[in-house]
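Per-entry structural report
Chain residues, written in single-letter form:
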Amino acid sequence: MSLPSTARVVIIGGGVVGVSTLYHLAKAGWTDCVLLEKNELTAGSTWHAAGNCPSFSASWSVMNMQRYGLEMYTTLAEDVEYPINYNVTGSVRLAHSDARMQEFEKVAGMGRYQGIDMKICSPEELQQYHPFMETHDLAGGLWDPVDGDIDPSQLTQAMAKGARDLGAHIERFCPAKGVSRENGEWIVHTEKGDIRCEIVVNAAGYYAQKVSEWFIPFGGRQTPAAVMAHQYFLTEEIPELRAWTQENGKLPLLRDVDSSYYLRQDTFSLNLGPYENTCKAHWITPDDPMPEDFSFQLYPDDFDRIEWHIEDAMARVPILGSQGVQRNINGPIPYAPDGNPMIGPMPGVPNAFEAHSFTFGIAQGGGAGKVAAEWIIEGMTEWDMWSCDPRRYTDYTDQQYCIDKAMEIYGNEYAMHFPHHVWPAARNRKLSPVHAKVVELGGQMDAFNGWERANWFAQEGDDTSEAATHTWDRTGPWTLRVREECEAVRDGVGVLDLPGFSRFSLSGDGAAEWLRGRIAGSLCKIGRMTLAYFADARGRILTEMSILRHGEEEFTLITAAAAQWHDFEVLKNALPEGLALVDRTRELSTLIVTGPKSRVLFAEISDGDLARGWLTHQQATVAGKPAMLVRVSFAGELGWEVHASFEDMPAIYDAVLACGAKPFGMFALNSLRIEKGYRSWKGDLSTDYTLLEGGLDRFVKFDKTQDFPGKTALLTERQRGVAKRFVQMIVEAGEADAPYMSTIWSDDAIVGETTSGDWGYRVGASIAFGTVKAELAVPGTELEIEIFGKRYKAVVQPDQPLWDPENARIRA
Ligand SMILES: Cc1cc2nc3c(=O)[nH]c(=O)nc-3n(C[C@H](O)[C@H](O)[C@H](O)COP(=O)(O)OP(=O)(O)OC[C@H]3O[C@@H](n4cnc5c(N)ncnc54)[C@H](O)[C@@H]3O)c2cc1C
């Protein structure tokens, strides 16, 4: 069959991910789709992958994707009538420390909730699973029953057959050469001719960055990625392993995550794959460009780099050293800056999607195809997939950033992500106008959408080492300082430098009416602001923005730093002609000045009308500079946000400090906001929940005349009864507060999950937010939250802020 000249969707790239996307589209009835592969299917990273298929992930959404894929792989061969070698052997994951055991406990809890029966093991139990292993130095480990390995080529070919059988078209040896746009359609150019299509998908693996450049003239960007070399080697046959296997079957996979390698049986040999911190990025200098074609090729062997791991693994499993090396594979693997894949809408480009930069594409390919197909067909996904959304990286990811982050994440592939730890590579991409001053004051910095903000302020003698943050506990060198910062906000006045608040201006005839038709609630009057929620068609929480109204048809919309490109598209994609929407994030910076003494402070340095009520805004001068004063406080005290130009902000910050405001950081802000019941973006607020499940009923105005996305679904849900409900809980926690996605128990059954947790210094308690079965969302209900494997009593609180329930302090 010749290359079709039209298609609904064209997928560029025939690795496991592109083919899975095609298969899932076809299964959903979208069979008028074409996949282009420059060489043979699997020619990129897929053919040489080790094929390991873990379900383990510290990320809820990635675990969802992997669990789905592994379930799918168990029936795929039968479903499409194509043989696949898929061995579900289970795996042991080893822990060298108590902190690692805590991580395993957390993931085992998430796994249990997803129906995976992971088990925490003693060293003796581990050895029963894997008798060739030394365990004397281990704290314990984790048994993952659904881990295993699959033949990556067979997996890809099976899905290709499934897609073809359903009517989709795969064109091999047909490189896409570029794209153009005509009358709202894409034209994908190939050596065999052009294909006109509605939608394009970039699934080009480690070539995805190159392919992304074709979309720059249409609003796109060079996708942030770097190519790392990953290698594993296979030993000669090991006689002891043969003998054991004949009696007992295949060994489970072994992952020594603290030593950073996997070790898997392959026939009667062993296969060792390290993630070394002496790692190597490829094709990063002008004299070493990415070749036009690297199909089915490998890098030269580089054993020096992994020597330490080989020795370590031989000490752990001595039979590994009993035989020589049969074969080594050293191949390219693409890394996005955080090591998560890119799946979702291509930022800035209409009808274009991304599905690339997979470091575990074999394990994730099945789920990734499902997610990509959902984005394409429905524009939304079953699970919230922000952790993989391409829009999470915005305008600051130059190539050096990508390389530095890829090196960091590759060398720490199995590292624990502790709540107070900050990854150090590739920093200082976007600086506040008062950055130097914040650092001088002791600011311990972190990056939020590239913007540097202080997490806490250290004082002389405080331990600011990275090592001190390697704990799951709430307590550390920051604790005393965060307490002092919170108390200053409670009793006096604090100042938080908050650069990078995403801000958009919206204006034009009909802007107000259009907004009313987008948000679930009502719009504020001129001079006021409101918190607004945007739902998707299912009534799920798409995003939250603060809307400030300057005139009948003139607004500023402010949203989280991380939400910048996501939220801009939420608005832009529905924007009618005639309205102007402009991203002004880089034009202004923000200070939060809050605490009972903030009015006295502003009386000294501002000519603003400080009697104006809560949720008002005004133009004024602060320290003689023009600024917008917004009477609101995410910290839940009397206070104002000061929005001013970059140029003027240093004078304002100095004046605020000179009036006695104490600098506070993001750790304190998180504690303060949780005491007020304020939700965090993509923690408490995500598309995993509807507005009603999220307890946002008071922000939904069912009786307004305008329709808005999700209205029908929410009305139906309200009529039917809401199944799950947001709750605030006080937790009798131990050393750690409840992390995201801790399971909530009642009478030995899981009844919900947490979405955030922290210590509240003003109320003196550990607080958790979560959703539970609606019948349990009753104040006083006693539940339990599993925190790192132990259950702690949690009591549901009334649906009002824990601190200052009447909001008297804010309104003062
Ligand atoms: C040594 C090694 C071991 C690994 N082991 C594992 C493992 O055990 N488990 C696991 O989950 N993952 C593993 N991986 C990672 C895994 O290989 C990748 O995540 C996965 O193969 C990515 O699949 P993909 O479809 O995104 O990309 P690819 O397989 O690279 O597919 C992209 C395809 O796009 C094609 N293409 C590019 N440009 C064009 C164009 N212009 N026109 C048409 N076609 C184009 C390429 O030819 C290629 O076939 C390993 C990787 C390496 C290097």
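Residues numbered from 1 in each chain as written. Predicted model: local features only at pLDDT ≥ 70, side-chain atom pairs only at ≥ 80, totals over all residues. Heavy atoms only, no water.

1. Describing the layout of surface pockets
To locate leftover empty space, one rolls a probe as large as a water molecule over the atoms. Of the voids in this model, the second largest pocket is the one considered here, and its volume is about 860 Å³. Every residue lining the second largest pocket is counted, 37 residues in all, and those nearest its centre are Pro-345, Trp-375, Gly-379, Arg-391 and Asn-573. Going through the elements one at a time, β19 (352-356), α9 (361-378), β24 (529-535) and α14 (564-572) are the ones with two or more residues in the lining of the second largest pocket. Along the lines of polarity and charge, the residues of the lining of the second largest pocket split into 20 nonpolar, seven polar and 10 charged. (1 Å grid on protein atoms, 1.4 Å probe; cavity = no way out; pocket = protein on both sides within 12 Å on 5 of 7 lines; lining within 4 Å. Points joined across faces, edges and corners; volume = space filled by probe spheres on them. Helix = DSSP H or I, 4+ residues; strand = E, 2+ residues; numbered from the N terminus. Nonpolar A, V, L, I, M, F, W, Y, C, P; charged D, E, K, R; others polar.)

2. Quick word on the pattern of salt bridges
Considering all chains together, one arrives at 54 salt bridges under this definition. Here Asp-804 ties to Lys-676 by a salt bridge, and the two come within 3.9 Å at their closest N and O atoms. Here the residue Asp-804 occupies a position in the loop between β38 (790-796) and α19 (808-811), and Lys-676 occupies one in the loop between α17 (666-675) and α18 (711-720), the gap between them amounting to 128 residues. Accessibility classification places Asp-804 together with Lys-676 in one group, the buried group. One network of salt bridges, in which partners are shared, links Glu-637, Glu-675, Arg-762 and Arg-809. (Salt bridge = Lys/Arg side-chain N within 4 Å of Asp/Glu carboxyl O. Buried < 20%, exposed > 50% of the residue type's maximum accessible area, 1.4 Å probe, protein only.)

3. Topic: unusual backbone geometry
With phi around 65°, Lys-682 is a residue other than glycine that occupies positive phi space. Among the structural elements, Lys-682 can be located in the loop between α17 and α18. Located in the positive-phi region is Met-741, a residue other than glycine, with phi close to 65°. Looking at where Met-741 falls in the secondary structure, it is placed in the loop between β33 (724-731) and β34 (743-746).

4. With respect to the site of the ligand
Around the ligand sit 37 residues in total, of which Glu-37, Thr-46, Asn-52, Phe-358 and Gly-361 are the nearest. Contact between the ligand and Val-16: an oxygen atom at 3.2 Å from a main-chain N or O atom of the residue. Considered on its own, the ligand offers 1000 Å² of accessible surface; in the complex 99% of this is hidden by protein. Elements represented by at least two residues in the shell around the ligand include exactly α1 (16-27), β12 (226-235), β17 (325-335) and α9. Considering each element in turn, the shell around the ligand owes the most residues, four residues, to β17. Grouping the constituent residues of the shell around the ligand by class yields 21 nonpolar, 14 polar and two charged. (Near = heavy atom within 4 Å. Polar contact = N/O pair within 3.5 Å; in protein donor to acceptor, adjacent residues only side chain to side chain. Areas by Shrake-Rupley, 256 points an atom, 1.4 Å probe, with all protein chains shown as cover.)

5. Brief notes about the nonpolar core
Formed by 49 residues in total, the largest nonpolar core has its most connected members in Val-9 and Leu-76. Where this core is concerned, the elements lending two or more residues are β1 (6-12), α1, β2 (33-36), α2 (60-80), α5 (152-166), β11 (193-202), β19 and α9. If one sorts the elements of this core by residue count, α2 sits on top with eight residues. Setting aside residues up to four positions removed in sequence, Val-9 forms contacts with Leu-25, Trp-30, Asp-32, Cys-33, Val-34, Ile-199, Val-201 and Ile-376. (Core = buried A, V, L, I, M, F, W, Y, C linked by side-chain atoms within 4.5 Å. Contact = heavy atoms within 4.5 Å.)

6. Looking at the sheet that holds strand β28 (residues 588-594)
Two pairing modes exist for strands in a sheet, parallel and antiparallel, and in both the strands are linked by backbone hydrogen bonds. Overall, mixed pairing links the six strands, which are arranged β29-β30-β31-β28-β22-β32 in an open sheet. The sheet is open, and its two borders are formed by β29 (617-622) and β32 (662-663), each paired with just one other strand. (Pairing = 2+ DSSP bridges.)

7. Side note on the sheet that holds β33
One closed barrel accounts for six strands, arranged β33-β36-β35-β34-β37-β38; its pairing is antiparallel. Pairs of neighbouring strands in the sheet enclose a mean axial angle of 45°, with direction left out of account. The sheet contact formed by β33 and β38 spans three bridges and is antiparallel. Counterpart to Met-729 in the pairing with β38 is Val-796. Its contacts with the sheet place α17 against β33, β35 (749-760) and β36 (765-773), and it is angled at close to 125° to β35. (Axes fitted to C-alpha atoms, helices over the stretch in contact; angles between N-to-C directions.)

8. Considerations on the pairing of β24
In terms of burial, β24 is largely enclosed, as six of its seven residues are buried. In this structure, β24 lies alongside strand β25 (residues 541-551), joined through seven bridges in antiparallel fashion. Each residue of the ladder has a partner; that of Ala-532, found in β25, is Met-545. Between β24 and β25, which follow one another and run antiparallel, lie five residues, and Gly-539 among them has a positive phi close to 85°.

9. Section: the packing of aromatic side chains
Within the structure shown, the criterion is met by 31 aromatic pairs. The interplanar angle of 70° and the centroid separation of 5.4 Å between the aromatic rings of Phe-602 and Trp-640 together place this pair among those described as edge-to-face. Residue Phe-602 is located in helix α15 (residues 598-605), and its partner Trp-640 is located in strand β31 (residues 639-645); the two are separated by 38 residues in the primary sequence. Like Trp-640, Phe-602 is buried. An aromatic cluster is defined as three or more aromatic residues linked by ring pairs; in this entry it consists of Tyr-262, Tyr-275, Tyr-335, Phe-360, Tyr-410 and Tyr-414. (Phe/Tyr/Trp six-rings, centres within 6.5 Å; stacked < 30°, edge-to-face > 60°.)

10. A few points about the environment of Ala-447
Mapped onto the elements of the fold, Ala-447 is located in strand β20 (residues 443-448). Sequence separation between Ala-447 and Val-107 is 340 residues, and the spatial gap between their C-alpha atoms is 26 Å. The residues contacting Ala-447, other than those within four sequence positions of it, are Arg-427 and Glu-452.

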